[in-house]
Amino acid sequence: MPSSPSVITCKAAVAWGAGQPLVIEEVEVSPPQPQEIRIKVIATSLCGSDVSAWESQPIFPRIFGHEAAGIVESVGEGVTEFKEGDHVLTLFMGECKRCWHCTSNKSNMCRALGLERKGVMHSDQKTRFSIRGNPVYHYCAVSSFSEYTVVHSGCAAKVSPKAPLEKICILSCGVATGLGAAWNVADVSKGSNVAVFGLGTVGLSVAQGAKLRGASQVIGVDINPERGVKAKDFGVDMYLNPKDYDEPIHEVIKRITDGGADYSFECAGDTRATTTALQSCCDGWGLTVTLGVPKAKPEITAHYGLLLTGRTLRGSMFGGWRPKSDIPSLVDKYLNKEIRVDEFVTHDLQFEDINKAFELMREGKCLRCVLHMPR
């Protein structure tokens, strides 16, 4: 009879305060509790929301990270869908498949395993990390900046062992969010005009998704000219830098598209960009999808006339994907070369260089930086 999992001591990058450099610490990782799994993290990437939370949220000490891929090390009581050795992607929002949201086919916002904001596990509101007996808090119930982590079994997706974990880790948030926004939320139509505000990983994934759906023109907007150069590789036909124009950028887009874009996407994490995206849409059927997480000023301001004339503003989480049900199919699309993923990885670093990854992200010098955990 197999022995029960025990506490693991491993290295993790711990944030002790807002904006302070992360410190590689020895942490204790508890065994998985009922309906949980413990994962050996192989690769994890840095997302903009990790940086935003590290800069502004008050919960510390904390282990950030949510875009990750790894191998199941042990399973808790009642877990039947995972076994030791399975390859998995972590999910910052889960899918219980039983609540009324999960069973509605109208939503991916699981009532039981939705976005966790308190720094604890969904099940018992406690942490699985500690340092010398003192709790260390989670981020999005994932905390992948650790050699080992514990997640609810509903917050992981089993994927093909053929897929390279150091590449597909970015499908657990950014790339999937952008593709889903184009396919699931907006349902971009063939021959349409699309405007994308913010050309980071999410925005470029929107552009890729729109082009795969047959969009005739994708306009990318960003104040970072380096991203404008890269954008063409992901399907952006025309790059616009608002700093290059004396008139509002939404007027430029309306002129280029002869009345406004059919679809616009806000991927910058700026509510002012949401307003501009809405203004850039055409009358009658123009649809704006907002995806970014704002660092400040969360309220959206827009003239009511924009909605009276037929425009629609929609929000979404994780691109509308049902996390456990849908994400494995994206991995299969990657293996079949139907979607591009590798090109988003602009930097590969060792785990101990995590603070360099944070600086690269803050300075806008990378799309995705993948951190390779010690083997």
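Since this is a predicted model, take the numbers as computed values, not measurements.

## Observations regarding the overall build of the protein
Next, step 1: Counting its secondary structure elements, the protein contains ten helices and 17 strands.
Next, step 2: Taking 21 Å as the expected radius of gyration for a compact globule of 375 residues, we find that the protein reaches 21 Å, a close match to that expectation.
Next, step 3: Overall, the C-alpha framework of the protein stretches about 70 × 40 × 40 Å when taken along its three principal axes.
Next, step 4: Looking at the protein residue by residue over its 375 residues, the buried ones come to 58%.
Next, step 5: In the protein, of all internal contacts separated by at least 6 residues, the share reaching a separation of at least 24 is 70%.
Next, step 6: Looking at the protein as shown, the accessible area adds up to about 16,000 Å², and 50% of this sits on carbon and sulfur atoms.
Next, step 7: Of the charged side chains in the protein, 41 are positive and 42 negative; the average position of the first set lies 3 Å away from that of the second.

## Examining the nonpolar core
Next, step 1: Counting 94 residues, the largest nonpolar core has Phe145, Ile168, Leu171, Val188, Val194, Phe265 and Leu330 as its most contacted members.
Next, step 2: Considering each element in turn, this core owes the most residues, seven residues, to helix 3 (residues 174-185).
Next, step 3: The residues contacting Ile168, other than those within four sequence positions of it, are Ala69, Leu89, Val159, Ala163, Val331 and Tyr334.
Next, step 4: Listed in part, the 14 residues of the second largest apolar core include Phe82, Cys96, Val151 and Cys155.

## Side note on the sheet that holds strand 6 (residues 129-131)
Next, step 1: Ordered by their spatial adjacency, four strands build an open sheet running 1-2-6-7, and the pairing between neighbours is antiparallel. Since the sheet does not close on itself, it has two edges, and those belong to strand 1 (8-14) and strand 7 (134-136), each with one partner. Pairwise comparison of adjacent strand axes, ignoring direction, gives a mean angle of 50° for this sheet.
Next, step 2: Strand direction decides the pairing type here: strand 1 and strand 2 (residues 23-29), joined by seven bridges, are antiparallel. Across the sheet, Ile8 pairs through a bridge with Val29, a residue of strand 2.

## Structural notes on the packing of helix 1 (residues 48-56) against helix 10 (residues 354-362)
Next, step 1: Direction vectors running N to C along helix 1 and helix 10 enclose 100°, while the axes themselves pass 10 Å from each other. Of the possible angle classes, the one that applies to helix 1 and helix 10 is roughly perpendicular. Within the contact between the two elements, helix 1 uses Gly48, Asp50, Val51, Trp54 and Glu55 and helix 10 uses Phe358, Met361 and Arg362.
Next, step 2: Class assignment for the residues of the contact of helix 1 with helix 10 results in four nonpolar, one polar and three charged.

## Regarding the pattern of salt bridges
Next, step 1: For the structure shown, the criterion picks out 20 salt bridges.
Next, step 2: The partner of Arg38 in a salt bridge is Glu73, and the shortest N-O contact between them spans 2.7 Å. Of this pair, Arg38 sits in strand 3 (residues 36-45) while Glu73 sits in strand 4 (residues 67-75), and the two are 35 residues apart along the sequence.
Next, step 3: Judged by relative accessible area, which is 1%, Arg38 ranks as buried.
Next, step 4: Classification of Glu73 by relative accessible area gives partly exposed; the value is 24%.
Next, step 5: Between Asp237 and Lys211 there is a salt bridge; the shortest N-O distance is 2.9 Å. Taken together, the residues span a long stretch of sequence, with Asp237 in the loop between helix 5 (225-231) and strand 12 (238-240) and Lys211 in helix 4 (residues 201-212) at a distance of 26 residues.
Next, step 6: Given the relative accessible area of 40%, Asp237 is considered partly exposed.
Next, step 7: When salt bridges that share partners are traced, they join Glu36, Asp124 and Arg128 into one network.

## Looking at helix 7 (residues 271-280)
Turn by turn, an α-helix covers 3.6 residues, leaving residues three or four places apart pointing in a common direction.
Next, step 1: The buried fraction of helix 7 amounts to eight of the ten residues, a majority that puts the element mostly inside the structure.
Next, step 2: Listed as buried for helix 7 are Thr271, Ala273, Thr274, Thr275, Thr276, Ala277, Leu278 and Ser280.
Next, step 3: On the buried face of helix 7, the contacting elements are strand 10 (193-197), helix 6 (249-256), strand 13 (263-266), strand 14 (287-290), helix 8 (304-308) and strand 15 (312-315).
Next, step 4: The N-capping residue of helix 7, defined by a side-chain oxygen 2.9 Å from the backbone nitrogen of Arg272, is Asp270.

What counts, and where the lines are drawn
- Residues numbered from 1 in each chain as written.
- Predicted model: local features only at pLDDT ≥ 70, side-chain atom pairs only at ≥ 80, totals over all residues.
- Heavy atoms only, no water.
- Helix = DSSP H or I, 4+ residues; strand = E, 2+ residues; numbered from the N terminus.
- Rg over C-alpha atoms; globule rule 2.2 N^0.38 Å.
- Buried < 20%, exposed > 50% of the residue type's maximum accessible area, 1.4 Å probe, protein only.
- Contact = heavy atoms within 4.5 Å.
- Areas by Shrake-Rupley, 256 points an atom, 1.4 Å probe, with all protein chains shown as cover.
- Lys, Arg positive; Asp, Glu negative; His and termini not counted.
- Charge placed at Lys NZ, Arg CZ, Asp CG, Glu CD.
- Core = buried A, V, L, I, M, F, W, Y, C linked by side-chain atoms within 4.5 Å.
- Pairing = 2+ DSSP bridges.
- Axes fitted to C-alpha atoms, helices over the stretch in contact; angles between N-to-C directions.
- Parallel < 35°, antiparallel > 145°, perpendicular 65-115°, else oblique.
- Nonpolar A, V, L, I, M, F, W, Y, C, P; charged D, E, K, R; others polar.
- Salt bridge = Lys/Arg side-chain N within 4 Å of Asp/Glu carboxyl O.
- Polar contact = N/O pair within 3.5 Å; in protein donor to acceptor, adjacent residues only side chain to side chain.

Interpretation note: all reported values are geometric properties and have no functional meaning in isolation.
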